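Structural characterization, general
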Amino acid sequence: MRSIIKTKKERLDIVTKANVILTAYHPWSNGINSDGYPQTTATMTMPVVGRTCAISSELVNRGWLGKKIYIEGVGVFKAEDRMNINLNGLRIDLCMGTLEEALNFGKKKNILAINLN
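Residues numbered from 1 in each chain as written. Predicted model: local features only at pLDDT ≥ 70, side-chain atom pairs only at ≥ 80, totals over all residues. Heavy atoms only, no water.

Quick word on the pattern of salt bridges
- Under the criterion given, the structure shown has two salt bridges.
- Ionic pairing is found between Arg51 and Glu80, a salt bridge with its closest N-O pair at 3.1 Å. Pair noted here: Arg51 is in the loop between strand S1 (17–25) and strand S2 (52–55) and Glu80 is in strand S4 (residues 75–82), with a separation of 29 residues, a long-range link.
- The exposure class assigned to Arg51 is partly exposed, which follows from its relative accessible area of 32%.
- Its relative accessible area of 3% is what places Glu80 among the buried residues.
- Two residues, Glu58 and Arg62, come together in a salt bridge whose shortest N-O distance is 3.9 Å.
- Residue classification places Glu58 among the partly exposed positions, given a relative accessible area of 35%.
- Relative accessible area serves as the criterion here: at 23%, Arg62 is assigned to the partly exposed category. (Salt bridge = Lys/Arg side-chain N within 4 Å of Asp/Glu carboxyl O. Helix = DSSP H or I, 4+ residues; strand = E, 2+ residues; numbered from the N terminus. Buried < 20%, exposed > 50% of the residue type's maximum accessible area, 1.4 Å probe, protein only.)

If you want it as structure tokens, here you go:
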């Protein structure tokens with residue numbers, strides 16, 4: 001019985017928690033991490049600085065698209081967009097107000113992210 005409970009807990013942790021690579025993007029720059037449609041996200045919303053984040057295919061496959069996500073040290077964002085399909089691993093890209101902010105944010109590794117839904 002303990003092994004069944006442990007297995008369910010492990011599966012729940014996989015769905016709700018991830019250590020991610022955290023980066024940033026500016027959808028309106030037509031450059032860094034932009035797909036050419038800056039006014040629309042994958043969930044058909046307009047990106048909002050401080051709310052919108054894009055997630056990797058691996059997190060989409062875990063059911064995180066459209067969900068609120070707590071990102072340790074940063075706050076709560078909504079996974080409204082998808083990252084480029086060629087980017088592998090557990091990754092989250094935060095929407096920034098300027099290209100300079102996105103570039104200055106850099107790349108942060110091993111950041112805890114929790115799916116709040």
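Next comes the rest of the account.
Observations regarding the nonpolar core
- By size, the foremost hydrophobic cluster in this structure holds 21 residues, and its most contacted members are Ile55, Ile69, Ile92 and Leu94.
- At the level of secondary structure, the elements contributing two or more residues to this core comprise S1, S2, helix H2 (57–61), strand S3 (68–71), S4, strand S5 (91–95), helix H3 (99–105) and strand S6 (108–115).
- By residue number, the principal contributor to this core is S1, which donates four residues.
- Excluding anything up to four places from it in sequence, Leu94 contacts Leu22, Thr23, Ala24, Tyr25, Thr52, Cys53, Ile71, Val74, Phe77 and Phe105. (Core = buried A, V, L, I, M, F, W, Y, C linked by side-chain atoms within 4.5 Å. Contact = heavy atoms within 4.5 Å.)

Section: unusual backbone geometry
- Here the phi dihedral of Met44 falls at roughly 65 degrees; this positive angle occurs in a residue that is not glycine.
- With respect to the element layout, Met44 can be found in the loop between S1 and S2.
- The class for Met44 is exposed, based on a relative accessible area of 66%.
- With a phi close to 60 degrees, Asn110 is a non-glycine residue in the positive phi region.
- Here Asn110 lies in strand S6.
- Asn110 gets classed as exposed once you look at its relative accessible area, which sits at 58%.

As for the sheet that holds S5
- The strand order S1-S5-S2-S4-S3-S6 describes a closed barrel built from six strands, whose pairing is mixed. Neighbour to neighbour, the strand axes of the sheet diverge by 45 degrees on average, direction disregarded.
- Alignment of S1 against S6, held across five bridges, turns out to be antiparallel. Residue Ala18 lies in a different strand from S6, and its bridge partner there is Ala113. (Pairing = 2+ DSSP bridges. Axes fitted to C-alpha atoms, helices over the stretch in contact; angles between N-to-C directions.)

Examining the side chain of Asp93
- Examined against the element boundaries, Asp93 turns out to sit in strand S5.
- Comment: no salt bridge for buried Asp93; closest opposite-charge side chain is Arg91, at 6.5 Å. (Lys, Arg positive; Asp, Glu negative; His and termini not counted.)

That's the geometry; what it means functionally is another story.
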